[in-house]
Amino acid sequence: MQILIESDSDILHIHISGELDANSSIQLDEVIKDAVQQRKTRILVDCRELRYISSAGVGVFLSHLDDVRSLGGRFVFYNMSSGVFSIFEILGLHNMIDIVKEKTEAEKIFDES
Amino acid sequence: MKVNLTTVCSTRAQEEIRAFLNRYFNDTGLSESDKNQLILVIDESIANAIIHGNNSDESKTISMDIDFSEKRIVIEIGDIGLFDDVLRKEKVEKDIKDIIKEKQKGGLGLKLVYSIMDIVTFYTKDGKSYCYMVKMLK
């Protein structure tokens, strides 16, 4: 798994590629932990190259969700494959977090919030 | 179509196991969705066995038997370590909103396993613990 971070003054873009599982999710956890500490809580997550996510990967996002929201931020996921989306769907998370098709839609959510 | 796999008790081995399972299920004619869900179930079960059941003790091994037929798939994984039944039930039934509120990282894997499989049972034999799962195929 690889994580690419792109940060502007207001929004943090996280591009994840490869497979996010119990082993690799530790790295993602550090990235999000740092972002929350720096109060960078408007977080766009690009899933175009994300081939697989296990519960450990989903768990990283959920464990920071409350802190992100309490600081006025949110996670917005985009470019998610149907396989990855189905895992969020089975857990009932597709109705609780923002998952959109494209980057423009994702950015629009932040423009409006 | 039966297969047996044995892996070292480390999460570092999981990517390779998924790659093997991907090749195995490609020969079964399963839909992409069924294939992905079954790989997820096995991956989650192995992760639980490695991390929670065996404390990532790399001197140990975990084996899995998969028996695929047209009507059903049977998966057996062991030694999964000694899981607490009460704790397991609490984890599966816990509301996702409470998991978010309590900033929990765990507890989702078993939910996925129980959601996808038709039968999930645990048993102990000769001092080892096993997870036995069945999914009926359409």
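Refer to the preceding data block for the structure.
My aim in this report is to walk through the structure given alongside it, one point at a time. (Residues numbered from 1 in each chain as written. Chains lettered and ligands numbered in written order. Predicted model: local features only at pLDDT ≥ 70, side-chain atom pairs only at ≥ 80, totals over all residues. Heavy atoms only, no water.)

### So, helix α2 (residues 55–70) of chain A
All names here are of chain A.
Next up, step 1: For α2, with 16 residues, the first-to-last C-alpha span of 23 Å sits near the 22 Å given by 1.5 Å per residue.
Next up, step 2: At His 64, α2 is deflected by roughly 40°, the largest bend along its length.
Next up, step 3: In the stretch just after α2, Gly 72 is the one whose phi turns positive, near 85°. (Helix = DSSP H or I, 4+ residues; strand = E, 2+ residues; numbered from the N terminus. Expected span 1.5 Å × (residues − 1). Bend = angle between axes of the 7 residues up to and from the residue.)

### Structural notes on the interface of chain B and chain A
Next up, step 1: Contacts between the two partners involve 26 residues from chain B and, on the opposite side, 23 residues from chain A.
Next up, step 2: Across the contact surface, chain B and chain A share four salt bridges.
Next up, step 3: A salt bridge links Asp 67 of chain A to Lys 103 of chain B, with the shortest nitrogen-to-oxygen separation between them at 2.8 Å.
Next up, step 4: The tally of links between chain B and chain A comes to seven residue pairs in polar contact (both at pLDDT 80 or more).
Next up, step 5: Residue assignment for the side of chain B that touches chain A shows that the elements contributing at least two residues are α1 (14–26), α2 (32–53), α4 (96–101) and α5 (109–116) of chain B.
Next up, step 6: Looking at which element gives the most residues to the side of chain B that touches chain A, the answer is α2 of chain B, with eight residues. (Contact = heavy atoms within 4.5 Å. Salt bridge = Lys/Arg side-chain N within 4 Å of Asp/Glu carboxyl O. Polar contact = N/O pair within 3.5 Å; in protein donor to acceptor, adjacent residues only side chain to side chain.)

### Thoughts on the pairing of strand β1 (residues 2–8) of chain B
All names here are of chain B.
Next up, step 1: The alternating pattern of β1 places Val 3, Leu 5 and Thr 7 on a buried face, while none of Lys 2, Asn 4, Thr 6 and Val 8, on the opposite face, is buried.
Next up, step 2: Across seven bridges, β1 lies against strand β2 (residues 61–68) in antiparallel orientation. In the strand pairing of β2, Val 3 is matched with Ile 66. (Buried < 20%, exposed > 50% of the residue type's maximum accessible area, 1.4 Å probe, protein only. Pairing = 2+ DSSP bridges.)

### Digging into the pattern of salt bridges
Residue and element names in this part refer to chain B.
Next up, step 1: As enumerated under the stated definition, the model contains 13 salt bridges over all chains in all.
Next up, step 2: Note that Asp 43 is salt-bridged to Arg 18, the shortest N-O span being 3.2 Å. Placement of Asp 43 in helix α2 and of Arg 18 in helix α1 is noted, with a sequence separation of 25 residues between them.
Next up, step 3: Asp 43 sits in the buried class, given a relative accessible area of 5%.
Next up, step 4: Given a relative accessible area of 4%, Arg 18 falls into the buried group.

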